[in-house]
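A closer look at the structure
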Amino acid sequence: MTRGVSGVSISGVWSGAVLLSEINKHHSPDFNVLSGYSGTDISAGNSTPCRGYVRRMGMIAPLTSKESKILADLHTLKIYKKNTIIDKQGTVSKAVYYLNEGILAMEYKKKSKVFIRDFIFKNSPALVYPSFYLQEPSRYSIRAVTDCNVWELTKENFEIGKEKIPNLQIIAFKITNLFHRNIEKRFESLITQTAEERYVDLVRNHPKIINSISLKMIASYLGITDVALSRIRSRLAKKGNINH
């Protein structure tokens with residue numbers, strides 16, 4: 001079970017799909033405003049598609065129209081091809097990310113082995129924590145599992161945002177609290193659920209995952225071997241409990 005800990009989501013202030021689902025429980029506006037956007041790089045000053053994402057941040061702590069525009073203009077849309085390393089283990093993290101399209105993986109690499117820490121899905125944030133905040137070498141990488149387009153807020157622009165937008169710190173603090181709840185849920189699942197139960201939850205929450213992510217990566221995320229995952233899938237197929 002030791003390897004299972006590698007799947008713990010610890011992507012920091014803007015972390016994860018579970019975090020956003022917690023926000024959704026309290027705020028009804030559609031968070032999918034960015035989905036489907038597939039443009040090329042967008043520089044500051046042409047960030048209209050980003051404002052839907054920024055409006056979601058404004059649900060956590062109020063942002064004026066001017067502040068929302070400033071924050072949107074500080075983001076840039078980047079296009080990454082499959083298998084591109086966006087943030088590399090051992091380097092200082094350069095940005096906060098919000099995944100507009102595709103799937104990202106947070107992963108450790110030790111010698112020739114790769115351990116999946118977490119998956120990041122569409123309309124979810126990602127951050128190499130604490131590297132981004134402390135400006136120290138990161139302990140894991142962020143890699144594009146599929147072709148992706150990602151909103152990026154660089155460290156420099158984040159600091160500019162903090163100076164111009166007082167509530168940005170409050171937003172970061174509140175999302176950090178939700179992030180800790182996410183960690184607690186992840187540890188709880190590792191302790192109280194079987195690998196089969198965790199696999200079922202993963203596939204039910206993200207049904208397209210099997211078509212986009214290799215079984216080897218999923219096994220690593222679950223903290224089990226490829227053989228063990230194959231057995232789980234075989235048992236589920238016989239039960240007819242889940243399509244995969």
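Structural data are supplied above this passage.
Sequence order as written defines the numbering, with residues in each chain counted from 1. Residues qualify for local features only when their pLDDT is at least 70, as the model is predicted, and side-chain atom pairs are given and counted only at 80 or more; totals for whole chains, interfaces and linings, by contrast, use all residues. Values reported for side chains reflect all heavy atoms of the structure, with hydrogen atoms and water molecules removed beforehand.

On the basis of which strands lie adjacent, the open sheet formed by four strands has the order β2-β7-β4-β5 and antiparallel pairing. Pairing within the sheet leaves two strands with one partner each, and these edge strands are β2 (85-87) and β5 (113-120). With direction set aside, neighbouring strand axes in the sheet form an average angle of 35 degrees. Relative to β5, strand β4 (residues 104-110) runs antiparallel, the two being bridged by seven bridges. Its bridge partner lying in β5, Tyr108 is registered against Phe115. Here helix α9 (residues 215-222) sits on the sheet in contact with β4, β5 and β7 (141-144), set at roughly 85 degrees to β5. DSSP-based pairing: two strands are paired if at least 2 bridges between them are found. Here a strand is any run of E in DSSP of at least two residues, a helix any run of H or I of at least four, and the numbering for each starts at the N terminus. To obtain an axis, a line is fitted to C-alpha atoms, over the contacting stretch when the element is a helix, and the angle between two such axes runs from 0 to 180 degrees between their N-to-C directions. For this analysis, residues touch if any pair of their heavy atoms sits within 4.5 Å.

A side-chain nitrogen of Lys or Arg and a carboxyl oxygen of Asp or Glu constitute a salt bridge if their distance falls within 4 Å. Evaluated as defined, the whole model comprises seven salt bridges. Among the salt bridges present, the one from Lys239 reaches Glu196, with a minimum N-O distance of 3.4 Å. Of this pair, Lys239 sits in helix α10 (residues 226-239) while Glu196 sits in helix α7 (residues 195-205), placing them 43 residues apart in sequence. To sort residues, take the accessible area from a 1.4 Å probe on protein chains only and compare it with the maximum for the residue type: under 20% means buried, over 50% means exposed, and anything in between is partly exposed. With relative accessibility at 17%, the residue Glu196 sits in the buried group. One salt-bridge network, in which partners are shared between bridges, spans Lys155, Glu159 and Lys162.

The next point concerns the packing of α7 against α9. Between two packed helices, both the angle of their axes relative to each other and the distance between the axes serve to describe the pair. Packing of α7 against α9 brings their axes to within 10 Å, and their N-to-C directions diverge by 120 degrees. When the interaxial angle is binned, α7 and α9 end up oblique. In the crossing of α7 with α9, the sense of the turn from one axis to the other is right-handed. Between α7 and α9, the residues in contact are Ala195, Arg198, Tyr199 and Leu202 and Ile218, Tyr221 and Leu222, respectively. Residues are grouped as follows: Ala, Val, Leu, Ile, Met, Phe, Trp, Tyr, Cys and Pro are nonpolar; Asp, Glu, Lys and Arg are charged; all remaining types, including Gly, are polar. Here the contact of α7 with α9 is composed, by residue class, of six nonpolar, no polar and one charged. Roughly parallel covers angles under 35 degrees, roughly antiparallel covers those over 145, roughly perpendicular covers 65 to 115, and oblique covers all other angles. Left-handed is the label given to a crossing in which the near helix is rotated counterclockwise from the far helix by less than a right angle, and right-handed is the label when the rotation is clockwise.

An order of β1-β8-β3-β6 is seen for the four strands of this open sheet, with the pairing classed as antiparallel. The strands lining the two open edges of the sheet, one partner per strand, are β1 (76-80) and β6 (124-126). Taking the axes of each pair of neighbouring strands and ignoring which way they run, one obtains an average angle of 30 degrees across the sheet. Taken together, the three bridges between strand β3 (residues 95-101) and β6 define a ladder with antiparallel strand orientation.

On to the side chain of Glu67, then. As for its placement among the helices and strands, Glu67 is situated in helix α3 (residues 65-73). In this tally, Asp and Glu contribute negative charge and Lys and Arg positive charge; neither His nor the terminal groups of the chain are included. Nearest to the buried, unbridged Glu67 among oppositely charged side chains is Lys66, at 8.6 Å. Dropping the residues within four chain positions of it, Glu67 is found in contact with Pro62, Lys164, Ile165 and Pro166.

Paired rings are identified among Phe, Tyr and Trp, the last through its six-membered ring, by centres lying within 6.5 Å, and are further divided according to the angle between planes into stacked (under 30 degrees), edge-to-face (over 60) and tilted (the rest). Per the counting criterion, the structure on display carries six aromatic pairs. Between Phe119 and Phe121 the ring centres are 6.3 Å apart and the planes differ by 50 degrees, which places this aromatic pair in the tilted class. Using a relative accessible area of 11% as the deciding quantity, one classes Phe121 as buried. When the centroid spacing of 5.1 Å and the interplanar angle of 40 degrees are considered together, the rings of Phe119 and Tyr221 count as tilted. Taken together, the residues span a long stretch of sequence, with Phe119 in strand β5 and Tyr221 in helix α9 at a distance of 102 residues. Tyr221 carries the same exposure label as Phe119, and that label is buried. Within the aromatic cluster, the residues linked to one another by ring pairs are Phe119, Phe121 and Tyr221.

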